[in-house]
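Structure at a glance
Below are the chains, spelled out letter by letter.
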Amino acid sequence: MEVALQGTAGVDDREKAVQVAKNLRWRGVLFAGTITAMAGFVDGVGFVHFGGYFLSFMSGNSTRSSAALMTGDFAGWGMAMSLVGCFVGGVILATLITYPLKKMRRPVAMYFSAMLLLAAAISGYFLPQLTALLLAAAMGVVNVSYSRSGEVSLGLTYMTGTLVKLGQALGGAIIGLATGSDRGVYRLLWTRYALLWLMITLGSLGGVLAYLRLGLGSLWIVAAGMLIWASLAMIQELRTPDDPDEPSGPRAGTLTEIS
């Protein structure tokens, strides 16, 4: 009985691996990767302008808040915690707004993020501190654009989970090559996760370079980019026929398909 259960579990694991590989289509990875690059762009601008605070990576701000508190830097603690609060607030608002939606959930979340990015670009001329809070909220909002069954299925602005999956896929690929087992499905899967990491890295590099030339005016670039990408997502959704029996999430073969 135990052997039979183990065999069933092995089959389930293989089927799950194959399904993951199928869902991570290159078109979807490239679409999500561009959003990730925009998040990196925002983080690059914010990190330089606001002195080492993160606008999309809240684990870093959480660590910084603790360090600031223990060293008596209460202003720094307040800044870090405010960014965390605005990020979470953005997730909450986007969840409430997109909850009744099914087909248009992704473009609506992306448009909402774009509006916050535009507001941040405008406030940069008058209230730079407000700019940081708006940017953090925008990054929280955009993460809701990839959700399935009420939960975020792909973290766009934080790469730790993606790097873990990258390592797992590489490990699976090595095992598959060494044993000739079905884990060979991982042989190219790791490249998708590597691309997502590369996109946020290149995006942050672009953000720093743009900031050195344009200052906070560089935010207009990422705001325009998010508007364009949200429009592409909306066009794709409008062109895809409804399927009442299909669960909420990207449809097979669509531009934004990724799990």
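Please refer to the structure placed before this passage.
As the structure is a prediction and not an experimental result, all values here were calculated from the model.

**Things to note about the overall build of the chain**
When you go through the chain residue by residue, the secondary structure sums to nine helices and two strands. For the chain, the sequential pattern of α-helices and β-strands runs α-α-α-α-α-α-β-β-α-α-α. For the chain, the residues scored as buried account for 46% of the 259 residues in total. Within the chain, contacts between residues separated by at least 24 positions form 71% of all contacts whose residues are at least 6 apart in sequence. Per element, the accessible surface of the chain, about 12900 Å² overall, is 68% carbon and sulfur.

**Some thoughts on the nonpolar core**
One finds Ile35, Leu117, Leu219 and Met226 to be the most contacted residues of the largest nonpolar core, which totals 52 residues. Listing elements by their share of this core, those giving two or more residues are helix H2 (26-49), helix H4 (74-98), helix H5 (105-123), helix H6 (128-143), helix H8 (189-214) and helix H9 (219-239). Sorting elements by how many residues they give to this core places H2 first, with ten residues. Apart from residues no more than four positions distant in its own chain, Leu219 is found in contact with Val45, Ala120, Ala121, Thr131 and Leu135. One finds Leu166, Ala169, Leu189 and Tyr193 within the second-largest nonpolar core, a separate group that totals five residues.

**Describing H5**
The end-to-end C-alpha separation of H5 is 27 Å, in line with the 27 Å expected for 19 residues at 1.5 Å each. The set of residues buried in H5 consists of Arg105, Arg106, Pro107, Ala109, Met110, Ser113, Ala114, Leu116, Leu117, Ala120, Ala121 and Ser123.

**Notes on H4**
Here H4 is 25 residues long and its end C-alpha atoms lie 36 Å apart, about the 36 Å a rise of 1.5 Å per residue gives. What H4 keeps buried is the set Gly76, Met79, Ala80, Leu83, Val84, Phe87, Gly90, Ala94 and Thr98. Those residues of H4 that are buried are in contact with helix H3 (58-70), H5 and H6.

Criteria and thresholds
Residues numbered from 1 in each chain as written. Predicted model: local features only at pLDDT ≥ 70, side-chain atom pairs only at ≥ 80, totals over all residues. Heavy atoms only, no water. Helix = DSSP H or I, 4+ residues; strand = E, 2+ residues; numbered from the N terminus. Buried < 20%, exposed > 50% of the residue type's maximum accessible area, 1.4 Å probe, protein only. Contact = heavy atoms within 4.5 Å. Areas by Shrake-Rupley, 256 points an atom, 1.4 Å probe, with all protein chains shown as cover. Core = buried A, V, L, I, M, F, W, Y, C linked by side-chain atoms within 4.5 Å. Expected span 1.5 Å × (residues − 1).

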